[in-house]
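# Descriptive structure summary
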Amino acid sequence: KAGVTQTPRYLIKTRGQQVTLSCSPISGHRSVSWYQQTPGQGLQFLFEYFSETQRNKGNFPGRFSGRQFSNSRSEMNVSTLELGDSALYLCASMSGLDYNEQFFGPGTRLTVL
Amino acid sequence: AQTVTQSQPEMSVQEAETVTLSCTYDTSESDYYLFWYKQPPSRQMILVIRQEAYKQQNATENRFSVNFQKAAKSFSLKISDSQLGDAAMYFCAYRAGVTGNQFYFGTGTSLTVIP
């Protein structure tokens, strides 16, 4: 079974631009969560989607948004990029039947110049 | 809100020796799950071990075991016979049992294995 995939793997943007990251969960997984990872901060929860609905949201500004499609693929969008948005963005999927493990993708490394 | 604390930003261990990584958490829930995830330099996060709070027996997975102290809200990871491949960031995570679709992570411990 294929794992969680994220595209692109690396991205360089400038301040003020917007960016869209994509995540394809493991086949059959309906839950997708997004995290921002920066040195010293660990993983900061952004949001979680289940069956195209946002179930949980972390404490991030409205510039961070997401959505999930009927095939469970998810996208995360960041508008008006700031230097502080530079981070590794991780996506994780879970089966709707077993919440005992999140499977992570390799991440997208976003650099904002 | 649930919080997970890893007080050791960095740890090192000699190859073949044993090391223990610490984790404490704060929750008012009685039913929950605890996890240790490993993130090697390649960045793919993988699950190392998990513990259900209702189980008194400590979880073990080969060389990895936990010391779960529910009253103290402590969940440490012991790595025995450390190998070079164990070098990674280790994250402790918590998930509530009933409404538990959100995971809370600690800030991580960077483990170095010395040959």
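Everything below is about the structure printed above this text.
A brief report on the enclosed structure follows. Each chain carries its own residue numbering, running from 1 in the direction its sequence is written. Here every chain gets a letter starting at A, and every ligand a number starting at 1, in the order they are written. With pLDDT at 70 or above as the cut-off, local features in this predicted model cover only qualifying residues; side-chain atom pairs require 80 or more to be listed or tallied, and sums for whole chains, interfaces and linings still use all residues. The side-chain values count all of the structure's non-hydrogen atoms but skip hydrogen atoms and water molecules.

### Section: the interface of chain A and chain B
Accessible area lost upon the coming together of the parts serves often as the stated size of an interface. Heads up, the condition is: Contacts are residue-level and defined by heavy atoms, with any inter-residue pair within 4.5 Å sufficient. Accessible area that two parts lose when put together, evaluated with a 1.4 Å probe and summed over both, is termed the buried area. Any Lys or Arg side-chain nitrogen located within 4 Å of an Asp or Glu carboxyl oxygen qualifies as a salt bridge. Counting of polar contacts relies on pairs of N or O atoms within 3.5 Å, with two restrictions inside protein: one atom must be capable of donating a hydrogen and the other of accepting it, and residues adjacent in sequence are counted only when both atoms are side-chain atoms. Labels follow the DSSP assignment, with helices taken as runs of H or I lasting at least four residues and strands as runs of E lasting at least two, numbered in each case from the N terminus. Three residue categories are used. Nonpolar comprises Ala, Val, Leu, Ile, Met, Phe, Trp, Tyr, Cys and Pro, charged comprises Asp, Glu, Lys and Arg, and polar comprises the others, including Gly.
Of the residues lining the interface, 21 residues belong to chain A; the matching set on chain B comes to 19 residues. Taken together, both faces of the contact between chain A and chain B bury some 1700 Å²; the carbon and sulfur share is 48%. Note that Arg50 of chain B and Glu101 of chain A form a salt bridge whose closest N and O atoms lie 3.8 Å from each other. Counting every contact that joins chain A to chain B gives three residue pairs in polar contact (both at pLDDT 80 or more). Residue assignment for the side of chain A that touches chain B shows that the elements contributing at least two residues are strand 4 (31–38), strand 5 (42–50), strand 6 (53–57) and strand 9 (87–94) of chain A. Looking at side-chain class alone, the side of chain A that touches chain B contains nine nonpolar, eight polar and four charged residues.

### Section: the state of the cysteines
In protein chemistry, a disulfide is the covalent bond that joins the sulfur atoms of two cysteines. Note the following rule: We call a pair of cysteine sulfur atoms a disulfide whenever their separation is within 2.5 Å. Burial here depends on accessible area, computed with a 1.4 Å probe over protein chains only, as a share of the maximum for the residue type. Under 20% is buried, over 50% is exposed, and the range in between is partly exposed.
Under the counting rule described, the total for this entry stands at two disulfides over all chains. Here Cys23 of chain A is linked by a disulfide to Cys91 of chain A, with a sulfur-sulfur distance of 1.7 Å. Judged by the sign of its S-S torsion, about -45 degrees, the cystine formed by Cys23 of chain A and Cys91 of chain A is left-handed. Of this pair, Cys23 of chain A sits in strand 3 (residues 19–24) while Cys91 of chain A sits in strand 9, and the two are 68 residues apart along the sequence. Per residue, the accessibility class of Cys23 of chain A equals that of Cys91 of chain A, and both read buried. Two residues, Cys23 of chain B and Cys92 of chain B, share a disulfide whose sulfurs are 2.0 Å apart. Judged by the torsion about the S-S bond (-70 degrees), the Cys23 of chain B/Cys92 of chain B disulfide is left-handed. Here Cys23 of chain B, found in the loop between strand 3 (19–21) and strand 4 (24–26), pairs with Cys92 of chain B, found in strand 10 (residues 88–96); they are 69 residues apart in sequence, far enough to count as distant.

### A few points about the sheet that holds strand 7 (residues 64–68) of chain A
Residues and elements named next belong to chain A. Threshold: Two strands qualify as a pair provided DSSP detects at least 2 bridges between them. Angles shown run from 0 to 180 degrees and are taken between the N-to-C directions of axes, each axis being a line fitted to C-alpha atoms and, for helices, limited to the stretch in contact.
With antiparallel pairing, the four strands of this open sheet are ordered in space as 1-3-8-7. The sheet is open, and its two borders are formed by strand 1 (5–7) and strand 7, each paired with just one other strand. The sheet shows a mean angle of 20 degrees between the axes of neighbouring strands, direction not considered.

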